[in-house]
Amino acid sequence: MSTYTDVTKGGGQSRRSDAAEARIALAKRFAGCMFLAFVLALMIGTQEGTQDDFGYAFRKSVFAPRIGIFALIGVAVFLAVTFWPRIVPYLSRAGVRPLAAGALTVVVSFTLLNWTDSTDLNNGKFGGLRPAAAQTGGIDPVARLFFGSAFSLTPWLLLLIVVALVAAAIRFEDSSTLGYVGGGLAIVFGIWAQYAQSAVRSFLDYPDHSTGAGVALLGFVTIGVSGIVVARSHGKADSGGFFQRVYDWRPGMPLVALGAVVGLVGLFSAAWFSPTDRNAGIGLTSTMFHGTGLSGFSAAYLAWLAYVLFFATLILAGAASYLRHHLLGWVAAGLGVVSLLVTLYVMHDFSGLAAQSKFDGATGAWDNLGTGGWMLCGALTVLAGAGYLVARHEQVEVPDAAPGVSSDAALAAGSKLGPALLVVIIASALFFPPTATQFWQTVLVTEIGIYVLLAIGLNVVVGWAGLLDLGFIAFYAIGSYTTAYLTGRLPVKPPSFLELTPLAAIPFAIVICLVAGVLLGAPTLRLRGDYLAIVTLGFGEIIRVVANNSTPVTNGSRGAFNIPPPEIHIGPLDIKWGDNVLGYWYLLLVFVVIVVLLFNRLEHSRLGRAWAAIREDEVAAQATGINTVRVKLLAFAIGASTSGVAGVYFASQIGSFTPENFILNNSILVVAYVVFGGMGSLPGAMAGAAVLTWLPEFLRDQVPAEDRQMWIGAVILLMMIFRPAGLIPARRRRAELGGLDKKDSSETTAVPAGEGM
Amino acid sequence: MSTPASTGEVVYDVRNVTLRFGGVVSLNDVNLQMFRGEILAVIGPNGAGKTSLFNSLTGVYTPQEGTIMLAARAGDVPVSAIGKKTHVINHLGVARTFQNIRLFPALTALENVKVGVETRMKSGPIASMLGLPRQRREERESTERAFELLRSVGLAARANELASSLAYGEQRRLEIARALGTDPGVILLDEPAAGTNPAEKRELAALIQQINAERGVSVLLIEHDMKLVMSVAHRLVVLNFGQKIAEGSPEQIQKDPAVVAAYLGTTTEEASELVGTASVTKIDTDLDLTEGDV
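Residues numbered from 1 in each chain as written. Chains lettered and ligands numbered in written order. Predicted model: local features only at pLDDT ≥ 70, side-chain atom pairs only at ≥ 80, totals over all residues. Heavy atoms only, no water.

### Structural notes on the overall build of chain A
Tallying secondary structure elements over chain A gives 32 helices and two strands in all. With 757 residues in all, chain A has 48% of them scored as buried. Looking at chain A alone, contacts between residues at least 24 apart form 73% of all its contacts between residues at least 6 apart. Of the roughly 34,900 Å² of accessible surface on chain A, a fraction of 68% belongs to carbon and sulfur atoms. (Helix = DSSP H or I, 4+ residues; strand = E, 2+ residues; numbered from the N terminus. Buried < 20%, exposed > 50% of the residue type's maximum accessible area, 1.4 Å probe, protein only. Contact = heavy atoms within 4.5 Å. Areas by Shrake-Rupley, 256 points an atom, 1.4 Å probe, with all protein chains shown as cover.)

Right, dumping it as structure tokens:
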């Protein structure tokens, strides 16, 4: 501030001090950036010394050539920060955001993701695969060139070239040629990457679930799209985001593009049939099953029908989106669904046949399938969704502030990208898990899915009603023990007429958790904020300690075991879940979908608004006639019963558990997930739980084991600094944060705050 | 000015109410009767106990002595308001606004009013989750009623805006709409004109009269703005230091020496008995502030 006053007074003296100050600030910034680089160098690398050499890790990190790389990172950060004001104007240009996103995606695929599920190579990542591919003879030279036969930087150079081209197109506004060239090259490079990976894969010959090449393709295509956008927009500002604009222009178009990419990869590059020693694409699969007694329809599908169905759906969906034709949209959606069912049928058919003939140890249908069929299924779902969105587009629009229209509808109309994202999420939830490795399927079922369900439940209590509950896991424990009791796996047996299968225990678990929620809530809900948190924390511990010590009832610290897996026998329906992890995923998906649908309604109902009211201003809510105790109790009970359902699922999926599964740490984790995702936002809580349960498992491959928690902490810290309202903030909560800012400028202070009541 | 439109039925019967916070006497032996259909204004200098009276009437504070009988809607049997919870008193037909606005800032204007309307509805969580017909009907009814109320306070065009984004005067009116949503027999307005400009004050006066005349709601009003009070109130009660010092029509109050003394600190004998010099200066500044507002 003082510099400004100096300048207004004028005089050479002050101007010189101005420059000096600027120099000092720059020096400080440079020192800061270098320090950051130094810390980063310490973080990434050996963490511990040896017993006789405590400085080992330090020297390994610092007195090594690698420190130079980190110094360069520091300089780069310094330059980026210093020139940030000059970069800012470009950020709003068309195509900048997709360019950044695409480049980042490609970098991630080159550095973090697996390109093969290799057991031979010590590392299935790009960096590990590249030298191997470059050395191995017999690989298609075009593919080999991608991995860099002459010069190992090739893939990075490719990325650099396209990014530079598109960036130049953004910088020099008149040149649309640069944009087209960059964009076109990017798409070619993406296809090249995909082709190179599939060549290596067929050469290496083992089942493949890697995502690296696919993600690289997606990244390159995104860069390509950004190049074309830049070329077409001539430097115009890009207000409202690129995808939003495309979506406004032609709803369904982004989905059609995504469906096209995924479907093409699925049909032409991915493996359809992957027993232990091969990766057969759809063509090879067709040949393999030739003359094995595969039904004519399936044979025809593998030979040509798959292509026909996919391209017909693609063209129809594309035309419907482009022409915004409702009827075409319905037709595309219908054809997409039919093709999807046909694809599933054929996959079942040929994998079942392989299992029947005991081919390669397959135990049943759906075994040994590659990723291709599932990718095609996902693509068809996305295309059908695009068609459906086009068909329903007009109904989605709600004019602002139209009398008689529910305000929630108006709020929902605010984010038009929502439905498209929903389609992508549905497609990936249905068809991504089968393509994942056994490890990730297990993570999905035992970590991600369960915590998503728990986060949805806790979101009711913490997010909507604003009550901090640190004992949430207790209800999960109650649900689990209820299941163990009702299936007769506790020392105390239920009366014989009550002995049930796990799924039939759900209603009981719900009721018991409701009662437990009310019992806990009734005496404690008079407390506010911190006090309530402490009491609920105590409750959580009480439940765990009681479970641990009442051995005659709960089997004490040995817990319950041999809980049967869930099964359904209703009329013709006869399903028994066994060892296949994937089955549990779909069961969980059903739970999550039901709970989300119900809670979504609840959020926009009378009770949801009452929760928002007590969260925002309890005094005003009381004066408006809301029975705050009752409303809070309902939040507690509903949250608790969701947790109970999760407990039932957990108990029957895992088969055995001990009180140690219900420690305080888990309660705190769920709270962290909800806060991270966005308090009070249903998609936010789910995303928060999914990301924070996925991240530790993902980091397993990326960083030393003892550093994992630190990286997770860093992610959470960054998140709280840059997105304090959470990953996907609730509309209401966002308004609250915005509202606070606005209030300062209004005349609220006209009345002393203390006199308000 | 206007004659009380009272029917002679008593809405609030406050007898010998004393409210103490430790050694501080906030209300001292207050007697007050409010009649159905009237606009009764409570005035008095800052710290006179007006808001304490409101809070005692709505169950926020529990007076140590005295009785408060309430029969908010026509035909109600009088019940004691002392010891009842705020939301129970609200359900008995008493709605209120707050001196510093207490809306639900992250809900839209419409939703704010709906919260009020829906406290009179029945559908529970299960009906909401399953979207049962009754719940849908109630949802529709509450939206319609909320819109009707927003229209009556002139906020229909801003129904879908967040409460926090409304202008100050609009927020005041929204609070009134939310209070009316609970379908009250009595509405307690705590300084509804504070911080509003002259045009908004005129609108507000019209709104209060309209609520009183068209909806038949009895209005209990705390207000510092004398012009507004004198133009809308049928009857006034003057509090000073927790005691009622005068009661009557606007004309009577304007001439009442005790009131004049309390407000202006004139050197009449009563004035010197009632108030010390320090307080007189305080009241003076208070009055200045009030005039400044007008």
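Alright, that's what it looks like, and here's the rest.
### Some remarks on the overall build of chain B
Along chain B, the regular secondary structure elements total twelve helices and ten strands. The buried share of chain B, reckoned over its 294 residues, is 57%. Nonlocal contacts in chain B, meaning residues at least 24 apart in sequence, comprise 67% of its contacts between residues at least 6 apart.

### A look at the sheet that holds strand β4 (residues 65-70) of chain B
Residue and element names in this part refer to chain B. With antiparallel pairing, four strands are arranged side by side in an open sheet as β2-β1-β4-β5. Two strands close off the open sheet at either side, each with one partner strand: β2 (24-35) and β5 (79-80). Both strand β1 (residues 10-21) and β4 contribute to a ladder of five bridges, which runs antiparallel. Bridging from a neighbouring strand, V14 pairs with I68 of β4. (Pairing = 2+ DSSP bridges.)

### Some thoughts on the packing of helix α21 (residues 473-486) of chain A against helix α23 (residues 529-549) of chain A
For any two helices packed against each other, one specifies the inter-axial angle together with the distance between the axes. Residues and elements named next belong to chain A. Packing of α21 against α23 leaves a shortest axis separation of 8 Å and a crossing angle of 30°. The angle between α21 and α23 falls in the class roughly parallel. Across the interface between the two elements, A474, F475, A477, I478 and Y481 from α21 touch F539, G540, I543 and A547 from α23. Classifying every residue of the contact of α21 with α23 by side-chain character gives eight nonpolar, one polar and no charged. (Axes fitted to C-alpha atoms, helices over the stretch in contact; angles between N-to-C directions. Parallel < 35°, antiparallel > 145°, perpendicular 65-115°, else oblique. Nonpolar A, V, L, I, M, F, W, Y, C, P; charged D, E, K, R; others polar.)

### Some points on the environment of I654(A)
Residues and elements named next belong to chain A. Turning to its location among the elements, I654 is positioned in helix α28 (residues 628-654). Here I654 falls in the partly exposed class, since its relative accessible area comes to 39%. In this structure the C-alpha to C-alpha distance between I654 and F561, which are 93 residues apart in sequence, comes to 9.0 Å.

### Focus on the environment of L335(A)
All names here are of chain A. Tracing the backbone through its elements, the reader meets L335 in helix α16 (residues 326-356). Looking at L335, the relative accessible area reads 23%, which means it is partly exposed. As for L335 and A312, which are separated by 23 residues in sequence, their C-alpha atoms are 8.2 Å apart. When residues no more than four places from it in sequence are discounted, the contact partners of L335 are L309, A312, T313 and L316.

### Quick look at the confidence of the model for chain B
For chain B, the mean per-residue pLDDT works out to 83, and 87% of the residues sit at or above 70. Throughout residues 270-294 of chain B the model reports pLDDT below 50, and contacts reaching past four residues in sequence, or to other chains, amount to 27 contacts. (pLDDT = per-residue confidence, 0-100.)

### Considering unusual backbone geometry
The residue R324(A) is not glycine, and still its phi comes out positive at about 50°. Locating R324(A) in the fold gives a position in the loop between α15 (296-323) and α16. The exposure class of R324(A) is partly exposed, given its relative accessible area of 40%. We note that D183(B) has phi near 55°; this positive angle belongs to a residue other than glycine. Inspection of the secondary structure assignment puts D183(B) in the loop between α6 (168-181) and β7 (186-190). Taking relative accessible area as the criterion, D183(B) reaches 45% and is therefore assigned partly exposed.

### Examining the pattern of salt bridges
The tally for this structure, following the rule as stated, stands at 27 salt bridges over all chains. Between R215(B) and E148(B) there is a salt bridge whose closest N-O contact spans 3.3 Å. With R215(B) in the loop between α7 (198-214) and β8 (218-222) and E148(B) in helix α5 (residues 133-152), the pair connects residues that are 67 residues apart, well separated along the chain. Its relative accessible area of 29% is what places R215(B) among the partly exposed residues. E148(B) sits in the partly exposed class, given a relative accessible area of 33%. Notably, a salt bridge pairs R235(B) with E247(B), separated by 2.8 Å at the nearest N-O pair. With R235(B) in strand β9 (residues 235-240) and E247(B) in strand β10 (residues 243-248), this pair connects stretches of sequence that are twelve residues apart. Using a relative accessible area of 12% as the deciding quantity, one classes R235(B) as buried. A network of salt bridges, in which partner residues are shared, links R609(A), K114(B), E118(B) and E139(B). (Salt bridge = Lys/Arg side-chain N within 4 Å of Asp/Glu carboxyl O.)

### Digging into the packing of α6(B) against α7(B)
All names here are of chain B. Look at α6 against α7: their axes get within 11 Å of each other, and the N-to-C directions meet at 10°. One finds that α6 runs roughly parallel with respect to α7. Of the residues in α7, those touching α6 at G169, R173, I176 and L180 are E200, E203, L204, L207 and I211. Partitioning the contact of α6 with α7 into residue classes produces five nonpolar, one polar and three charged.

### Thoughts on helix α30 (residues 682-699) of chain A
Residues and elements named next belong to chain A. Under the 1.5 Å per step criterion, the end-to-end length of α30 is 26 Å for 18 residues, consistent within 8% with the ideal 26 Å. Burial runs high along α30: 13 of the 18 residues are buried. Its side-chain oxygen 2.8 Å from the backbone nitrogen of G684, S681 forms the N-cap of α30. (Expected span 1.5 Å × (residues − 1). Polar contact = N/O pair within 3.5 Å; in protein donor to acceptor, adjacent residues only side chain to side chain.)

### Details of the sheet that holds β7(B)
Residue and element names in this part refer to chain B. A sheet is described by the order of its strands in space; here six strands give the open sequence β6-β7-β8-β3-β9-β10, paired in mixed fashion. What marks the edges here is a single partner per strand, and that holds for β6 (94-96) and β10. Neighbour-to-neighbour, the strand axes of this sheet turn through a mean angle of 20°, independent of strand direction. Pairing geometry for β9 and β10, over five bridges, is antiparallel. Its bridge partner being in β10, V238 is matched across the sheet by A246. This element, α6, spans β6 and β7 of the sheet and lies at about 155° to β7.

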